[in-house]
Amino acid sequence: MNAVNGHTPAHPKSRGAARRAARRRPTIDDVAAVAGVSRGTVSRALNGGRYVSPSSLAAVERAVRDIGYTVNVNARSLVTNQSNTVAFVLSEAPEHLFNDPNLGVLLLACTKALADHDFSLILMIAESATARDRTLRYVRGGHVDGVLLISTHGGDPILSALEHGNVPAVACGRPLDVAIPYVAADDREGARQLTRYLRERGCSQIGTIAGPQDTAGGIDRLAGFRDVLGRKAVKRLVAYAPDFGHAAGEAAMTELLERNPHLDGVFAASDQLASGALATLRRAGRRVPDDVAVGGFDDTSVAATTDPPLTTVRQPLDQVAKELVEVLLGLIRRQPMSSRVLPTELVVRHSA
């Protein structure tokens, strides 16, 4: 048998199959003919490689590359009863996806983690009753194998609908009032870390800008602040923001200064809230950190670009995304999975 460059010349029959495949969309039968194996062997090779010899697996992989074969997802879903698709459901207005750096990081990281398992991700915005109904119809219609729930709020109908449904779901952050598995950073301990740091650096009048109290992040970060200060965490030192955004931080910081003119430390429940606080303090002629030390939460791209750069709490978003996908795929495969809480880290910069 002759060989050129270590490759055995293709059999005329397989060369003919390759030419026919080039003129139309290649099929699994074309792969079998080019690889010189049975159709069943190709099917097993494409679905994990069980009971396929190394030489046959290599031949199938080479044939797939040579003729440009791609799996017919619709046909495979009829056989496996899976779509190999996951919904990334955002319970916020669409603009939050572009305004909140956390969401972009999570979306990208989840997409990459799912791609490693040959799953696709679709983004669904469920900010209104109409959008929620549309999302639930789509999810329940069998178009996705599971759901990643992002930025949920207490009382969200999607949470209760999925809690009692047949579609696997995992929440990013602790969901309120429902028993859905979740992956989250340790918000409460992170808030303790930042508040302890402000106190240890000499701040005696420490206020907080709390996040929305219909989210676990807002609730737990405020609880961590109170854990450290105890009785000193009086009502006048707490300003509540309706969301985690910059404008809300500006307004809340104005409120805190009016109530507490001698304030010398602020813990804001997000980097964006903290950036808003910095803007208000600058307008008020208060120097940071000389007059008021400021800390945030998340360690997003915002933290490194504020003036001064922001001391904050880092939550490991890439790892959160990876474990969200891991838990969801386990549920899809009917494996027992439990919630996970990941540690945070204090990052000291120039604002405190």
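Scroll up to find the structure.
Described below are features of the structure shown in this document. (Residues numbered from 1 in each chain as written. Predicted model: local features only at pLDDT ≥ 70, side-chain atom pairs only at ≥ 80, totals over all residues. Heavy atoms only, no water.)

### Some remarks on the packing of helix H7 (residues 101-115) against helix H15 (residues 317-332)
Inclusion rule: In this analysis an axis means a line fitted to C-alpha atoms, helices contributing only their contacting stretch, and an angle means the value between N-to-C directions, from 0 to 180 degrees. To qualify as a helix, a DSSP run of H or I must reach at least 4 residues; to qualify as a strand, a run of E must reach at least 2; elements of each kind are numbered from the N terminus. Orientation categories follow fixed angle ranges, with anything under 35 degrees roughly parallel, anything over 145 roughly antiparallel, 65 to 115 roughly perpendicular, and all other angles oblique. In this scheme, a crossing is called left-handed if the near helix is turned counterclockwise away from the far one by less than a right angle; it is called right-handed if the turn is clockwise. In this analysis, two residues are considered to be in contact whenever any of their non-hydrogen atoms come within 4.5 Å of each other. Asp, Glu, Lys and Arg are counted as charged, while Ala, Val, Leu, Ile, Met, Phe, Trp, Tyr, Cys and Pro are counted as nonpolar; the rest, among them Gly, fall into the polar class.
Closest axis-to-axis distance for the H7/H15 pair is 8 Å, and the angle between their directions is 45°. On the basis of the axis angle, H7 is oblique to H15. Note on packing geometry: the crossing formed by H7 with H15 is right-handed. Across the interface between the two elements, Asn102, Val105, Leu106, Ala109, Cys110, Ala113 and Leu114 from H7 touch Leu317, Asp318, Val320, Ala321, Lys322, Leu324, Val325 and Leu329 from H15. When the residues that make up the contact of H7 with H15 are grouped by side-chain class, the tally is 12 nonpolar, one polar and two charged.

### Description of the pattern of salt bridges
Test applied: A side-chain nitrogen of Lys or Arg and a carboxyl oxygen of Asp or Glu constitute a salt bridge if their distance falls within 4 Å.
Inspection of every chain in the model, using the stated rule, returns 17 salt bridges. Asp227 is the partner of Arg192 in a salt bridge, and the nearest nitrogen-oxygen pair spans 2.9 Å. Residue Arg192 is located in helix H10 (residues 187-200), and its partner Asp227 is located in helix H11 (residues 216-229); the two are separated by 35 residues in the primary sequence. When the shortest N-O distance is used, the salt bridge between Glu323 and Arg340 registers 3.1 Å. With Glu323 in helix H15 and Arg340 in strand S11 (residues 340-342), this pair connects stretches of sequence that are 17 residues apart. Three or more residues are tied together by salt bridges with common partners; here these are Arg188, Glu189, Arg192, Arg196 and Asp227.

### Details of the side chain of Thr135
Keep this limit in mind: Burial here depends on accessible area, computed with a 1.4 Å probe over protein chains only, as a share of the maximum for the residue type. Under 20% is buried, over 50% is exposed, and the range in between is partly exposed.
Within the element layout of this structure, Thr135 appears in helix H8 (residues 129-140). With a relative accessible area of 3%, Thr135 lands in the buried category. When neighbours within four sequence positions are excluded, Thr135 is seen to be in contact with Val89, Met124, Ile125, Ala126 and Ile158.

### Looking at the pairing of strand S8 (residues 265-268)
The cut-off we apply is this: What makes two strands pair is DSSP finding at least two bridges between them. When the strands point away from the viewer, a crossover counts as right-handed if the path from the first strand over the helix to the second runs clockwise.
Neither face of S8 is exposed, since Gly265 and Phe267 on one face and Val266 and Ala268 on the opposite face are all buried. Two elements, strand S6 (residues 206-210) and S8, share four bridges in a ladder whose sense is parallel. From the neighbouring strand, Ile209 faces S8, where its bridge partner is Ala268. In this structure, S8 lies alongside strand S9 (residues 293-295), joined through three bridges in parallel fashion. Looking at the pairing, Gly265 lines up with Ala293 of S9. For the segment spanning S8, helix H13 (residues 271-283) and S9, crossover handedness is right-handed.

### Quick word on the sheet that holds strand S7 (residues 238-240)
Spatial ordering of the open sheet is given by S7-S6-S8-S9, a layout of four strands whose pairing is parallel. On the outer flanks of this sheet lie S7 and S9, each paired with one strand and no other. Sheet twist, expressed as the average angle between the axes of neighbouring strands with direction ignored, equals 15°. In the packing of H10 onto the sheet, the strands contacted are S6, S8 and S9, and the crossing angle to S8 comes to about 170°. The sheet contacts of H11 involve S6, S7 and S8, and relative to S6 the element is tilted by about 165°.

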